[in-house]
Amino acid sequence: MSGVRVLVGTRKGAFVLTADGKRERWDVAGPHFGGWEIYHVKGSPAAPDRIWASQTSGWFGQVVQRSDDGGKTWEPVGNQFTYDGVPGTHQWYDGTAHPWEFARVWHFEPSHGDPDTVYAGVEDAALFRSNDGGSTWHELSGLRGHGSGPHWQPGAGGMCLHTILLDPVNAQRIFVAISAAGAFRSDDGGATWKPINRGLRSEGIPDPNAEVGHCVHRIAQHRTRPDVLFMQKHWDVMRSDDGGDTWREVSGNLPTDFGFPIDVHAHEPETVYVVPLKSDSERYPSDGSLRVYRSRSGGDEWEPLTKGLPQRDCWVNVLRDAMAVDTLDDCGIYFGTTGGQVYVSPDGGDTWRAIVQTLPPVLSLEVQTLP
Amino acid sequence: MTDVPTSGGGARAVRLVLPAHLRKLSRQSGELVLQVAGPVTIARVLDALEERHPVLRGTIRDHVTRKRRPFVRFFACEQDLSHDSTDDPLPDAVARGDEPLLVVGAMAGG
């Protein structure tokens, strides 16, 4: 019987949650790397038992862990992320030029087809790639070097490259998103890049329609329609139908359009999920009521999903990389909270239950569907 | 398990204590003993450590600049050596193996 493996990164370690296809009874393994911040854990589509984990610490820096047995055992691999050439500067919070400094890996995106190739999105924002199973990492410096890099500014969480989408159809096309620079696209395998932020409007920057400077929180894509992108921006939920060339707002009837994660149903390309938060100054659900919102029309019209979620006294956040979907026939939706809960809906969002209630704050969540 | 020193031509056996997270990362327990050739300095002790345990590269000092990470400190003989040059000779008691060099994670965080 098929099953799922949920990979959870938290402030105090990584956890691996497994269940069969019913997704009712769960085995919880961990913490792996106890005491370390685990920003992201993600498995290879090409070799599902190969899993990458970003292990970081304010004391001891970056460690990259790799498992080749589905997360049971781990081996550290290369952890040297050196910017290509003279790194140059970006904008600092006070408007001064600040040298690019590596802090941590926020996100791993393994290649669709090659288990030894994996991309890493890092802070300060840059994209790295390893073609040798993580032993060595090389920057795709055309992203920082395309021209606007010196004008990028960090968001409150640091200047991080947090989203990497490898186009499932066009192997040369890569999308990334950076807080707070915006979204970028390469059409030549990562050699050259251009900003794709036309249509975004951000009141918090001097020119609300600027080419770069937008705080994009997350981008999602359905594997069968790679030109359709959904974005949760700092404020506003956005949609593009042309690979990011232009965007339009689809916040519609959402009670608030501030939030972090966004994802797409595995089998319904127009079914989208977000978790609205009250505001950027509060960052918790309105009224203490945790609600996922679902649109079945690709945006604009949204419905609250509450069954099984706490509807009072809930003041958690759901971070940008902490939502994922499985690909079982009844698509499962998952998310983790800063309160340490991981929720699953085995029926596309209609009903929810907690897998675990008391993990450390969840930083990221990915799910693998196993044969 | 404690690392057992191996004999080396003119090398000194230097004792090193790592913080718990780095002992676990390098799959060590207890104190390490490293063979350090030439003058016994922090830089040479770390060179020997990283040679034996490559996984620790980048965790104590930067890969390229070799600068100490900000929340890592170096103590020995009840002295804070964190701001000394890493090419300065360590105290004789460390070079003789009577006292260990301590790599310490600063107290911070939650």
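As the structure is a prediction and not an experimental result, all values here were calculated from the model.

## Description of the overall build of chain B
Here is step 1: Tallying secondary structure elements over chain B gives three helices and five strands in all.
Here is step 2: Ordered by position in the sequence, the α and β elements of chain B form the string β-α-β-α-β-β-α-β.
Here is step 3: The buried share among the 110 residues of chain B stands at 29%.

## Examining the sheet that holds strand β20 (residues 237–240) of chain A
Residues and elements named next belong to chain A.
Here is step 1: With respect to topology, four strands assemble into an open sheet ordered β18-β19-β20-β21, the strand pairing being antiparallel. The open sheet terminates on both sides in strands that have one partner only, identified here as β18 (216–222) and β21 (248–249).
Here is step 2: Across four bridges, the pairing between strand β19 (residues 225–233) and β20 is antiparallel. Paired with L229 across the two strands is S240, which belongs to β20.

## Comments concerning the environment of G349 of chain A
Residue and element names in this part refer to chain A.
Here is step 1: Secondary-structure assignment places G349 in the loop between β28 (342–345) and β29 (353–356).
Here is step 2: As a C-alpha pair, G349 and P360 span eleven residues in sequence and 24 Å in three-dimensional space.
Here is step 3: Other than its neighbours up to four places away in sequence, G349 contacts Y273, V292, R294, L305 and I333.

## Quick word on the sheet that holds strand β3 (residues 72–76) of chain B
All names here are of chain B.
Here is step 1: Ordered in space as β2-β1-β5-β3-β4, the five strands form an open sheet in which the pairing is mixed. In this open sheet, the two edge strands, each paired with only one partner strand, are β2 (32–36) and β4 (79–80).
Here is step 2: Pairing between β3 and β4: two bridges, direction antiparallel. Residue pairing across strands places A76 opposite Q79, the latter belonging to β4.
Here is step 3: In this fold helix α2 (residues 42–52) packs onto β1 (12–17), β2, β3 and β5 (101–105), with an angle of close to 110° to the strand it touches most, β2.

## Here we look at the interface of chain A and chain B
Here is step 1: The interface is formed by twelve residues belonging to chain A together with 14 residues belonging to chain B.
Here is step 2: Class assignment of the residues belonging to the side of chain A that touches chain B gives a composition of four nonpolar, eight polar and no charged.

## Focus: the nonpolar core
Here is step 1: If you look at the biggest cluster of nonpolar residues, it comprises 126 residues, and the most contacted ones within it are V8, V176, Y334, V342 and L365 of chain A together with V45 of chain B.
Here is step 2: The contact partners of L365 of chain A, leaving out residues within four places of it in the chain, are V6, V8, A322, M323, A324, Y334, F335, G336 and V342 of chain A.

## Brief notes about unusual backbone geometry
Here is step 1: Here the amide bond leading from G30 of chain A into P31 of chain A is cis, since omega sits at 5°, within 30 degrees of zero.
Here is step 2: Position of P31 of chain A relative to the elements: it lies in strand β3 (residues 27–32).
Here is step 3: Note that the residue after E123 of chain A, namely D124 of chain A, is joined by a cis bond; omega there is -10°.
Here is step 4: Relative to the helices and strands, D124 of chain A resides in the loop between β11 (118–123) and β12 (126–130).
Here is step 5: We note that D287 of chain A has phi near 65°; this positive angle belongs to a residue other than glycine.
Here is step 6: On the secondary structure map, D287 of chain A appears in the loop between β23 (272–274) and β24 (292–295).
Here is step 7: Given 13 C-beta atoms within 10 Å, D287 of chain A falls into the partly exposed group.
Here is step 8: Notably, E78 of chain B is not glycine yet its phi reads approximately 60°, a positive angle.
Here is step 9: Examined against the element boundaries, E78 of chain B turns out to sit in the loop between β3 and β4.

## Section: the confidence of the model for chain B
All names here are of chain B.
Here is step 1: In the predicted model, chain B carries a mean pLDDT of 91, and the fraction of residues at 70 or more is 89%.
Here is step 2: Across residues 1–8, confidence stays below pLDDT 50; counting only partners more than four residues off in sequence or on other chains, it has 13 contacts.
Here is step 3: If you check the scores for this complex, the pTM reads 0.95 and the ipTM reads 0.89.

Each value, and the rule that gives it
Residues numbered from 1 in each chain as written. Chains lettered and ligands numbered in written order. Predicted model: local features only at pLDDT ≥ 70, side-chain atom pairs only at ≥ 80, totals over all residues. Helix = DSSP H or I, 4+ residues; strand = E, 2+ residues; numbered from the N terminus. Buried ≥ 20, exposed ≤ 12 C-beta atoms within 10 Å, placed from the backbone. Pairing = 2+ DSSP bridges. Contact = placed C-beta atoms within 7 Å. Axes fitted to C-alpha atoms, helices over the stretch in contact; angles between N-to-C directions. Nonpolar A, V, L, I, M, F, W, Y, C, P; charged D, E, K, R; others polar. Core = buried A, V, L, I, M, F, W, Y, C linked by C-beta atoms within 7 Å. pLDDT = per-residue confidence, 0-100.

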